[in-house]
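If you want the building blocks of each chain, they are given just below.
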Amino acid sequence: SYSTVSQEPVNVVRNRNGKIIMTLEKPDLQPVYEMGWKAPERFKVKAADGVTDLYGVMWKPIDFDSTRRYPVISYVYPGPQMEAVDINFTVTGNHNASLAQVGFIVVNFGHRGGSPLRDKAYRTYGYGNLREYPLADDKYGIEQLAKRHSYIDLERVFGHSGGGFMSASAICTYPDFYKVAVASSGNHDSNIYNLPWGETYHGVTQTVKGKDTVFTCKVPTVAEIAHRLRGHLLLITGDEDNNVHPGQTFRLAGALMDAGKNFDMYVLPGQ
């Protein structure tokens, strides 16, 4: 079974030598196309280092007009254990297709330090810091797309993330570039996140002091840059998250209030 984001699934039966014996039934997607659905477009940009190729997908509104100017939503997830970039055929595109229908150009592309499906240098690039390099790649990638396509409006750029910490980091790190961010269940403070995961990707410094060995793992938190917020930030968390503890979002909210910043926040009971 194989597909791409723009090629419908194909299912075949092969013998043990790889020869196709038969092609199985294909999906009937005619009703989807009759509704106006269009496949997303694949693209390639350079990382902020100007050398590394990054691959991504772009969704447009069904009524797309190339003479218009559209704001951009960048769906961000920096890994490092995976990338959230679609590679298989889906109608929804991980909800990105729906976001596009509201009137946006939606982009999603990988960042250095992401997919282990690429080489070791790509995957391990962000060892010790999972924030700065993907933010730089995302900003530079969007800027390249805006130069190629006149319908992308860089005066109206938005960040959206299911992972959360990167979108909150983006709007605080580049407050002149990102205007709106949605941060859902973000691990904004890795010092209170999953220790084996954090130690694996952020690194641990071992210091011997006399007879004692001290281990430290200092990872910059989003709260430390919360004072830089100027745009519109929405924080979302459940109150029973057994992966990213709600305290992650509460700590960031506290830092924002201490800095006198306005933001929106939803806490979802029982979620």
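Scope of this entry: the structure provided in the associated data block. (Residues numbered from 1 in each chain as written. Predicted model: local features only at pLDDT ≥ 70, side-chain atom pairs only at ≥ 80, totals over all residues. Heavy atoms only, no water.)

What to know about the pairing of strand β11 (residues 205-209)
- In terms of burial, β11 is largely open, as just zero of its five residues are buried.
- Counting the residues in the hairpin turn of β11 and strand β12 (residues 212-216) gives two residues, including G210, whose phi is positive at 65°. (Buried < 20%, exposed > 50% of the residue type's maximum accessible area, 1.4 Å probe, protein only. Helix = DSSP H or I, 4+ residues; strand = E, 2+ residues; numbered from the N terminus. Pairing = 2+ DSSP bridges.)

With respect to the environment of R112
- The topology assignment puts R112 in the loop between β8 (105-109) and α3 (120-123).
- Linking R112 and Y122, residues ten residues apart in sequence, is a C-alpha distance of 5.5 Å.
- Not counting residues within four places of it along the chain, the set of residues in contact with R112 comprises A47, A48, D49, T52, L54, Y122, Y125, Y133 and D137.
- Engagement of the side chain of R112 in a polar contact is seen with the side chain of Y125, the distance being 2.9 Å.
- Within the structure, R112 has its side chain in polar contact with the side chain of D137 (distance 2.8 Å). (Contact = heavy atoms within 4.5 Å. Polar contact = N/O pair within 3.5 Å; in protein donor to acceptor, adjacent residues only side chain to side chain.)

Structural notes on a nonpolar patch on the surface
- Among the surface-exposed residues, V13, I21, M22 and L24 lie close enough to one another that they form a single nonpolar patch of about 340 Å² accessible area.
- Inspection of the secondary structure puts I21 in strand β4 (residues 20-23). (Patch = residues over 30% accessible without salt bridge, like charges linked within 9 Å, V, L, I, M, F, W, Y side chains within 5 Å. Areas by Shrake-Rupley, 256 points an atom, 1.4 Å probe, with all protein chains shown as cover. Salt bridge = Lys/Arg side-chain N within 4 Å of Asp/Glu carboxyl O.)

Comments concerning the pattern of salt bridges
- Under the counting rule described, the total for this entry stands at ten salt bridges.
- With its nearest N and O atoms 3.6 Å apart, the salt bridge here joins D153 to R69. Of this pair, D153 sits in strand β9 (residues 152-161) while R69 sits in the loop between β6 (53-59) and β7 (70-75), and the two are 84 residues apart along the sequence.
- On the basis of relative accessible area, R69 is assigned to the partly exposed category, the value being 45%.
- For D176, the salt bridge identified is with R230, shortest N-O distance 2.0 Å. Here the residue D176 occupies a position in the loop between α5 (165-173) and β10 (180-184), and R230 occupies one in the loop between β12 and β13 (232-238), the gap between them amounting to 54 residues. Each member of the pair, D176 as well as R230, carries the same accessibility label: exposed.
- Salt bridges sharing partners connect three or more residues here, namely D49, R112 and D137.

What about the pairing of β12?
- Bridge count between β11 and β12: five bridges; the pairing is antiparallel. Bridged to Q206 within β12 is F215.

Some points on the nonpolar core
- M58, V107, I152 and L233 are the most contacted members of the largest nonpolar core, which totals 42 residues.
- Leave out the neighbours within four places in its chain, and L233 touches A168, I171, A181, A183, L256, F263 and D264.
- Within the second largest apolar cluster, ten residues are counted, among which are V85, A97, F104 and F158. (Core = buried A, V, L, I, M, F, W, Y, C linked by side-chain atoms within 4.5 Å.)

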